[in-house]
Amino acid sequence: RSASEVPGLSRLNDEVTTLIEAVAPAVVSINTARVTRHQAIDFFGRRRLYQSYQPGLGSGVIISKEGHVVTNFHVIEQADEIQVVLHDGTKCLAEKIGEDRNADIALLRVINPRIKEYTALPFADSDRVKVGETVFAIGNPFGLRESVTQGIINHRDRRLSDSDPPKFQTDAVINPGNSGGPLVNVRGEIVGINVSIFAGQ
């Protein structure tokens, strides 16, 4: 049999690419900078004030047409500057307006008066997520835009410690920089936020 004799797979492939094209504009990169200041003596013996910037990188997802973004708290923790890079490359300042450190979640608001409406994704009902459900992790690992991996939900209530909130476990590949990006289902709804990677010894 030839590849042309499996139209079902071709239709499935088309559906997946259509889904990703629809949800990707709501996924953003998040660049942060932590500013440190110190005094030092310059070449001429004068005391000078110097600034240095410690950069950070993560992902996020827009959840409202007004530009609210969900990401991980650890992505923006201790950041003095937060910049959101939209899907089309537009760079915008952002401010933190909420956080839940225990759940490692932060809520940002994009600041760009020129943009009247943002592409946003809805949330899925987490109580209805099932083991074996197909999901896609979308983010910007290593600073690379629109990286997509596919997997399934392996476990519903995984805890990494006694005090850790329950999480969905997935075998979709999550790379550094994916933190804060969405895990979406086949309906383009947010199932969860990519928060941690478990690496065995």
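Right above here is the structure, for reference.
Residues numbered from 1 in each chain as written. Predicted model: local features only at pLDDT ≥ 70, side-chain atom pairs only at ≥ 80, totals over all residues. Heavy atoms only, no water.

Draft legend 1. Spatial organisation of the overall build of the protein chain. The helix and strand tally for the protein chain stands at two helices and 11 strands. The linear arrangement of helices and strands in the protein chain, starting from the amino end, is α-β-β-β-α-β-β-β-β-β-β-β-β. When its C-alpha atoms are laid out on the principal axes, the protein chain stretches across 80 × 45 × 35 Å. Each of the 201 residues in the protein chain was classed as buried or not, and the buried ones make up 37%. For the protein chain, restricting intrachain contacts to residue pairs at least 6 apart in sequence, the fraction spanning at least 24 positions comes to 59%. Total accessible area on the protein chain is roughly 12,200 Å²; 50% of this is exposed by carbon and sulfur atoms. For the protein chain, the centre of its 22 positive side-chain charges and the centre of its 24 negative side-chain charges are spaced 6 Å apart. (Helix = DSSP H or I, 4+ residues; strand = E, 2+ residues; numbered from the N terminus. Buried < 20%, exposed > 50% of the residue type's maximum accessible area, 1.4 Å probe, protein only. Contact = heavy atoms within 4.5 Å. Areas by Shrake-Rupley, 256 points an atom, 1.4 Å probe, with all protein chains shown as cover. Lys, Arg positive; Asp, Glu negative; His and termini not counted. Charge placed at Lys NZ, Arg CZ, Asp CG, Glu CD.)

Draft legend 2. Main features of the sheet that holds strand S9 (residues 167-170). Strand order in the open sheet formed by five strands is S9-S8-S7-S10-S11, and the pairing between neighbours is antiparallel. Every interior strand has two partners, whereas the edge strands, S9 and strand S11 (190-193), have only one. Strand-to-strand twist of the sheet, defined as the mean angle between neighbouring strand axes without regard to direction, takes the value 40 degrees. Sheet analysis places strand S7 (residues 134-139) next to strand S8 (residues 147-158), joined by six bridges and oriented antiparallel. Among the inter-strand pairings, Phe136 is bridged to a residue of S8, identified as Gln150. The strands that helix H1 (residues 7-23) touches are S7 and S8; relative to S7, the one it contacts most, it runs at about 40 degrees. (Pairing = 2+ DSSP bridges. Axes fitted to C-alpha atoms, helices over the stretch in contact; angles between N-to-C directions.)

Draft legend 3. Structural context of the sheet that holds strand S5 (residues 91-100). Ordered in space as S1-S2-S3-S6-S5-S4, the six strands form a closed barrel in which the pairing is antiparallel. Across the sheet, the mean angle from the axis of one strand to that of its neighbour is 45 degrees, orientation sign disregarded. With 15 bridges connecting them, strand S1 (residues 27-41) and strand S2 (residues 47-62) associate as antiparallel partners. When the bridges of S2 are listed, Thr36 appears paired with Ser52.

Draft legend 4. Fine view of unusual backbone geometry. The residue Gln78 is not glycine, and still its phi comes out positive at about 65 degrees. By the secondary structure assignment, Gln78 is in the loop between helix H2 (73-76) and strand S4 (81-85).

Draft legend 5. Quick peek at the nonpolar core. One finds Val28, Ile30, Val69, Ile76, Val84, Leu86 and Leu108 to be the most contacted residues of the largest nonpolar core, which totals 16 residues. When contributions to this core are tallied by element, the ones reaching two or more residues are S1, H2, S4, S5 and strand S6 (105-111). Once residues lying within four places of it in the same chain are set aside, the contact partners of Val28 are Gly58, Ser59, Gly60, Val61, Ile62, Val69, Val84, Val85, Leu86 and Asn140. The next biggest cluster of nonpolar side chains, apart from the first, holds 13 residues, and it includes Ala26, Val61, Val70 and Val184. (Core = buried A, V, L, I, M, F, W, Y, C linked by side-chain atoms within 4.5 Å.)

Draft legend 6. The arrangement of a nonpolar patch on the surface in detail. A cluster of nonpolar side chains, Val6, Leu9 and Leu12, forms an exposed patch at the surface whose accessible area comes to about 280 Å². Position of Val6 among the secondary structure elements: in the segment before H1. (Patch = residues over 30% accessible without salt bridge, like charges linked within 9 Å, V, L, I, M, F, W, Y side chains within 5 Å. Salt bridge = Lys/Arg side-chain N within 4 Å of Asp/Glu carboxyl O.)

Draft legend 7. Inspection of the side chain of Thr170 at higher detail. Residue placement: Thr170 occurs in strand S9. One polar contact links the side chain of Thr170 to the main-chain carbonyl oxygen of Ile152, over a distance of 2.9 Å. In contact with Thr170, not counting residues within four places along its chain, are Val135, Gly151, Ile152, Asn154 and Leu183. (Polar contact = N/O pair within 3.5 Å; in protein donor to acceptor, adjacent residues only side chain to side chain.)

Draft legend 8. Spatial organisation of the pattern of salt bridges. Scanning all chains against the criterion turns up four salt bridges. We note a salt bridge from Glu95 to Arg109, for which the minimum N-O separation is 2.6 Å. One end of the pair, Glu95, is in strand S5; the other, Arg109, is in strand S6, and 14 residues separate them in sequence. Given a relative accessible area of 31%, Glu95 falls into the partly exposed group. Residue Arg109 is classed as partly exposed on the basis of its relative accessible area, which comes to 32%. Close ionic contact of Glu189 with Arg187 constitutes a salt bridge, the shortest N to O distance being 3.3 Å.

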